[in-house]
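# Reading the structure
Residue-level listing of the chains:
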Amino acid sequence: MGKTYERIDGRLRTFIEAQHIFFTATSPLDADGTVNLSPKGVSGSFAVVDERTVAYLDFAGSTAETVAHLRENGRITLMWCAFQGPPNIVRVHGRGEPVFRDDPRFPALLGHFPSVDPASHGLRAVIVVTAELIRDSCGYGVPFMAYDEDRSLHADRFRREDDASLSAYFGKKEHIATSIDGLPGLPLPLPALPAAPAG
């Protein structure tokens, strides 16, 4: 049976932090709008900030649907599945916000991801999610699957870009500055990528 949690700590936090992939789901307010579901899986790009707050790095991609939906309404669900070990599914339903490069909070947020070089992945924003409902469920239908390693393709592709060329790349994509449904997406051009605070 599923259980509701007040906070992300203890066994729940350990489970979330051990997973190599998680999924994000968002949608616009328009009933005819496009629901977005995205996998996230670069090691070190997710962090539990506190017992009710999590964050992850939003890297370069071909669309910016999550960013657009969060800018419009803030609704987001994150999901983790146990592909190894005891079966389990954890969902965090909450309110999300894209924190962009020129936001004063951005450098401090980068400090939660010490093992990731943001310049190698074309970092666009840090997505910060405040949990409103935290639940798990059995996960009996999730298959066993083994993790081998992260793919290097994303970093291989985007480490060649600087801020100017990355902005130009995004400018050529149809659904970066504007979502599939016409919502404001990623603000362009990208501000310079600040360094994470030392220590």
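Everything in this summary refers to the structure shown in the same document. Fair warning: this is a prediction, and the values are worked out from it, not measured in the lab.

### Comments concerning the side chain of Ser27
With respect to the secondary-structure elements, Ser27 resides in the loop between β2 (22-26) and β3 (36-40). You can call Ser27 buried: its relative accessible area is 19%. Here the side chain of Ser27 touches Arg75 through a polar contact of 3.1 Å, side chain to side chain.

### Quick look at the layout of surface pockets
A volume near 1,100 Å³ is recorded for the largest pocket. The wall of the largest pocket is formed by 38 residues, among which Ile21, Pro39, Lys40, Gly41 and Val42 lie closest to the centre. Counting residues per element, the lining of the largest pocket draws most heavily on β3, which supplies 4 residues. Partitioned by chemical class, the residues of the lining of the largest pocket number 16 nonpolar, 14 polar and 8 charged. The space that makes up the second largest pocket amounts to roughly 170 Å³. Glu17, Gln19, Val42, Gly44 and Phe46 are the residues nearest the centre of the second largest pocket, which is lined by 14 residues in total.

### Considerations on the packing of aromatic side chains
Under the counting rule described, the total for this entry stands at 6 aromatic pairs. An angle of 70° between the planes, with centres 5.4 Å apart, marks the rings of Phe46 and Trp80 as edge-to-face. Here the residue Phe46 occupies a position in strand β4 (residues 46-50), and Trp80 occupies one in strand β6 (residues 75-81), the gap between them amounting to 34 residues. Site record: aromatic cluster; members linked through ring pairs are Phe22, Phe46, Tyr56 and Trp80.

What counts and what doesn't
Residues numbered from 1 in each chain as written. Predicted model: local features only at pLDDT ≥ 70, side-chain atom pairs only at ≥ 80, totals over all residues. Heavy atoms only, no water. Helix = DSSP H or I, 4+ residues; strand = E, 2+ residues; numbered from the N terminus. Buried < 20%, exposed > 50% of the residue type's maximum accessible area, 1.4 Å probe, protein only. Polar contact = N/O pair within 3.5 Å; in protein donor to acceptor, adjacent residues only side chain to side chain. 1 Å grid on protein atoms, 1.4 Å probe; cavity = no way out; pocket = protein on both sides within 12 Å on 5 of 7 lines; lining within 4 Å. Points joined across faces, edges and corners; volume = space filled by probe spheres on them. Nonpolar A, V, L, I, M, F, W, Y, C, P; charged D, E, K, R; others polar. Phe/Tyr/Trp six-rings, centres within 6.5 Å; stacked < 30°, edge-to-face > 60°.

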